[in-house]
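Observations on chain architecture
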Amino acid sequence: MDHHPQDPGPKRGATRSRRRPPADPSPDPNPNAGHPQDVGYAEIVFNRPLDTALTYRLPPGLARRVAPGARVRVPLGRANTPTVGYCVGRLDHPPAGLDPSRLKDALELLDDPPLIDGPMLELTRWMASYYACSWGQALDAVVPAGVKKAAGTVPRTILVVPDSVRWASSLPDLPPKQAEVLQLLLRTEGPMTTADICRLARCGTGPIAALRRLGLVHAERRRLDRATSSEPAEPAEPDPTPSPPTWTDEQRHVLARLEPALAGDQFAAFLLHGVTGSGKTEVYLSAIERVVARGREAIVLVPEISLTPQTIRRFRRRFPRVAVLHSHLTDAERHRHWRAIAAGEVEVVVGARSAIFAPTRRLGLIVVDEEHETTFKQETVPRYHARDLAVKRAQLLGIPVILGSATPSLESWLNAERGRYQRLTLERRVGDRPMPEVAVVDLRFEKPDRGQSAGSLSRVLIEAIGQALDQGGQVMLLLNRRGYHTFILCPRCGQVCKCRSCDVALTYHQARQVALCHTCDAETPPPESCPACGSSRLHYGGVGTERLERDVRSAFPDRIVRRMDSDTMRAPGSHERVLEAFRAGKVEILLGTQMIAKGLDFPDVTLVGVVNADTALHLPDFRAAERTFQLLAQVAGRTGRGDRPGRVLIQTYNPEAPAIAYAVRHDYLGFVASELPQRAARGVPPYGRLVRLIARGPDESSVRHFLDELAERLRAGAGRQVEVLGPAPAPVARIRDLYRYHLQLRAAAHGPLKHLLTTTLPACPPPSTVELAIDVDPVSLL
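As a starting point, this report considers the structure included with it.

The rules we used
Residues numbered from 1 in each chain as written. Predicted model: local features only at pLDDT ≥ 70, side-chain atom pairs only at ≥ 80, totals over all residues. Heavy atoms only, no water. 1 Å grid on protein atoms, 1.4 Å probe; cavity = no way out; pocket = protein on both sides within 12 Å on 5 of 7 lines; lining within 4 Å. Points joined across faces, edges and corners; volume = space filled by probe spheres on them. Helix = DSSP H or I, 4+ residues; strand = E, 2+ residues; numbered from the N terminus. Buried < 20%, exposed > 50% of the residue type's maximum accessible area, 1.4 Å probe, protein only. Expected span 1.5 Å × (residues − 1). Pairing = 2+ DSSP bridges. Axes fitted to C-alpha atoms, helices over the stretch in contact; angles between N-to-C directions. Parallel < 35°, antiparallel > 145°, perpendicular 65-115°, else oblique. Left-handed = near helix turned anticlockwise from the far one by under 90°. Contact = heavy atoms within 4.5 Å. Nonpolar A, V, L, I, M, F, W, Y, C, P; charged D, E, K, R; others polar. Phe/Tyr/Trp six-rings, centres within 6.5 Å; stacked < 30°, edge-to-face > 60°. Core = buried A, V, L, I, M, F, W, Y, C linked by side-chain atoms within 4.5 Å. Salt bridge = Lys/Arg side-chain N within 4 Å of Asp/Glu carboxyl O.

Things to note about the layout of surface pockets
Of the pockets and cavities examined, the second largest pocket occupies roughly 1200 Å³. Every residue lining the second largest pocket is counted, 42 residues in all, and those nearest its centre are Gly279, Thr281, Glu282, Arg314 and Asp601. Put simply, the parts of the chain that give the lining of the second largest pocket at least two residues each are helix H10 (280-293) and helix H11 (309-318). Among the elements that line the lining of the second largest pocket, the one with the most residues is H11, at seven residues.

Some points on the environment of Pro245
Among the secondary structure elements, Pro245 is positioned in the loop between strand S7 (218-225) and helix H9 (249-263). Given a relative accessible area of 29%, Pro245 falls into the partly exposed group. When the C-alpha positions of Pro245 and Phe445 are compared, they lie 49 Å apart, and in sequence the two are 200 residues distant.

Examining helix H12 (residues 331-342)
A rise of 1.5 Å per residue sets the reference length of H12, with its twelve residues, at 16 Å; its end C-alpha atoms lie 16 Å apart and thus fit the reference within 8%. Inspection of H12 places Arg334, His335, Trp338, Ala340 and Ile341 among the buried residues, and these make up the whole buried set. Count one or two residues on from H12 and you reach Gly344, which has phi positive near 80°.

Regarding the sheet that holds strand S26 (residues 689-697)
A sheet is described by the order of its strands in space; here four strands give the open sequence S27-S28-S26-S29, paired in antiparallel fashion. The strands lining the two open edges of the sheet, one partner per strand, are strand S27 (722-735) and strand S29 (771-776). Looking at each pair of strands side by side, their axes are set apart by 20° on average, direction ignored. In terms of strand pairing, S27 meets strand S28 (residues 738-747) through eight bridges, oriented antiparallel.

Concerning the packing of helix H2 (residues 118-130) against helix H13 (residues 386-397)
Axis separation between H2 and H13 bottoms out at 10 Å; the angle between their running directions is 135°. Accordingly, the angle class assigned to the pair H2 and H13 is oblique. The way H2 lies across H13 gives a crossing that is right-handed. Counted together, Pro119, Met120, Glu122, Leu123, Trp126 and Met127 of H2 and Leu389, Lys392, Arg393, Leu396 and Leu397 of H13 form the full contact between these two elements. Here the residues of the contact of H2 with H13 sort into eight nonpolar, no polar and three charged.

A closer look at the sheet that holds strand S23 (residues 589-592)
Ordered by their spatial adjacency, six strands build an open sheet running S15-S25-S24-S16-S23-S22, and the pairing between neighbours is parallel. Two strands lie at the open edges of the sheet, namely strand S15 (437-442) and strand S22 (561-564), each paired on one side alone. Going from strand to strand, the sheet's axes swing by 15° on average, the running direction of each strand aside. Direction of pairing for S15 relative to strand S25 (residues 647-652): parallel, over a ladder of six bridges. Looking across to S25, one finds that Val438 is bridged to Val648.

Side note on empty space enclosed by the protein
Under the defined criterion, the tally for this structure stands at three cavities of 30 Å³ or more. Looking at the largest cavity, its volume works out to about 160 Å³. Taken together, 17 residues make up the lining of the largest cavity; nearest its centre are His385, Arg387, Glu411, Arg623 and Val779. Every element with two or more residues in the lining of the largest cavity is listed here: H13 and helix H18 (624-636). Sorting elements by how many residues they give to the lining of the largest cavity places H18 first, with three residues. A class-by-class count of the residues in the lining of the largest cavity yields three nonpolar, five polar and nine charged.

Quick look at the packing of aromatic side chains
What the rule picks out here adds up to eleven aromatic pairs. Both rings, one in Trp126 and one in Tyr130, keep their centres 5.1 Å apart while their planes meet at 15°; by these two values the pair is stacked. Of this pair, Trp126 and Tyr130 both sit in helix H2, four residues apart, which is roughly one turn of the helix. You'll find Trp126 and Tyr130 in the same group, each marked buried. Arranged with centres 4.9 Å apart and planes meeting at 75°, the rings of Tyr130 and Tyr131 form a pair that is edge-to-face.

A short note on the nonpolar core
In terms of nonpolar packing, the biggest core is built from 117 residues, with Leu301, Ile366, Leu389, Met476, Leu693 and Leu745 touching the most fellow members. Filtering out sequence-adjacent residues up to four positions away, Leu745 remains in contact with Arg689, Leu690, Val691, Leu693, Leu714, Val722, Glu723, Val724, Leu753, Leu756 and Leu757. Counting residues in hydrophobic clusters, the runner-up holds 32 residues, among them Ala268, Tyr284, Val324 and Ala352.

Details of the pattern of salt bridges
Counted by the stated rule, this structure contains 39 salt bridges. For Glu108, the salt bridge is made with Arg73, and the minimal N-O distance between the two is 3.1 Å. Taken together, the residues Glu108 in strand S5 (residues 108-109) and Arg73 in strand S3 (residues 71-76) connect sequence positions 35 residues apart. Where Arg444 meets Glu656, a salt bridge forms, and the shortest distance between an N and an O atom there is 3.1 Å. With a gap of 212 residues between them, Arg444 in the loop between S15 and helix H15 (459-470) and Glu656 in the loop between S25 and helix H19 (658-664) connect regions that are remote in the sequence.

Structure, rendered in structure tokens:
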């Protein structure tokens, strides 16, 4: 998309509300000012596909307290079902033409003070307008589930160490368990109950009672947030006063270019294009230091897969107050982080996609690392792209944003070419280390020995692995396919065994002896015969990471091998344990899916092998070549980062494909020059804008009929500015017993697409059995 939107978009209430628009999305610092003491009115939106802000009366007791950004429980619908909504505006008087006696009364205020501030209200209003969802749906994405559940307070009895004890020069000699309990309380920053202490110290109430009798601890009754649950503060990592970082000339030049934006209060967007190993992270850290020194905060977005302990350690060693937000946090942990960020207790927020909504008080910089990653796109309503929201949030706040990547998305690259972003470049690796040598293994000429089945490793790759290990190096092998065999085929009739609920081939997992659907996770015993013709002679083909692991262990039985994919990394902490073992040299060969390809820095890796570079090359998606190039370039960057040179071997059946040929030469600019003209000729992003409409339902004819009718209406209103393609069955035509059809809308700019959707969709709603999904700027067309 155009990542530099100049207009936050029309106010949804102003164009669509059947009441009236919110007067001002910004919370009044004094919400009582200007409102009658006994009554007021509020405009409420809901986490539902409703294009209206509904007006409610605020009875005595609520009129003084409800402010924009707060959640309010109100009656909704004819049944007056108590429903949680978001206040987006306050009114002194009911809307003109509306009988005040017909307005319903709000029931309960859930947040005091409001959870969402004025700038975030403005961002979500733009988000709703741009991504074709309701304002309430956008607002609901901002607040984590743990925060929603924890709103409000409850009375609790907590244990407190008196100041006279806390600051005493020495403590009395105590029995071991009493001493442990006292130390826990001294180390804990937040309130702790007796139950908390008993759980953490693994003791009964006896030691606590003894400490209370000695006057070393006493109990207090307080009202606390529902989710409050403190843990002892983690001891800081031993880190003596760090020496100033040693910058390369390129890093110094980039920071000089950033300096005016970091020191000022104006919006500026930067695209940092740096080869792998060039020191982009150090640029981020140094830029954040300048912002924090001004009393501001920073948000750093990284793909979830890159949130490794190594990444987190680098930030925590430079900044004492870092909050890390990721999908594995419990609701209580999310709530605790949210409160700390909102209270201004955090300097740097590091997290995945949803961290863009962190409630910082004085945000001064946003960084998006690996900005090309598709995981920044939300696949459910609201279908936002965190990279683009980062640019928009920075624009609204008047602060800089840095987008970094070794392989920038073509959308971001073209924005820099057009001057919307300032491009910064790091062309050389730190220490002038050379880029790794890359060679291709053409699998068309790799034949197995007589009587042997084709394996996952070519002779060339096996020899290279052995050589790297013999020289004391480590090896990484990438194969972006899980399982043992990736399909089960009947040689007699050609039928591929598919999932009963999805139009997807089953994958055979040998360790579990199941045929698994990687789309809906349905499991079934491996078929004994063809479901189509009944033949008992089935062929298991394709290679996944499980088969690759067997082949590697067979070829190198005396070496330590570990596999990293979503099948082996299910246990909490397993991802971190394997990476730490690899870093410590306790693992010699690490193989896996793309989770090993990004965000990792292991100086002893001297060989990277790409087992099959073609897995995504031929997908029915115009970005297939770009994704293949990016993955190959990223995984190649994992080697040669230490004192020893690195080497990369890429196995492929398509060595002449531009994505592979340019990746072999580390030639991003060459790939861009090859790919952009093809995109321009087809009118697809970044040359043009795209909206995808997906209809799904249990009855195929109903889905097809609805989308045919919708396409006809869209074509009637499209004019010459919008091209309507389809409808047609989606590439994956059925998922979880729901048939899927899609159509695409293409235009040179977003405005005509938005106008067509807003004027056409209300007049053509889907039937009750069909669900319609609207994906603006889709990153996947499957």
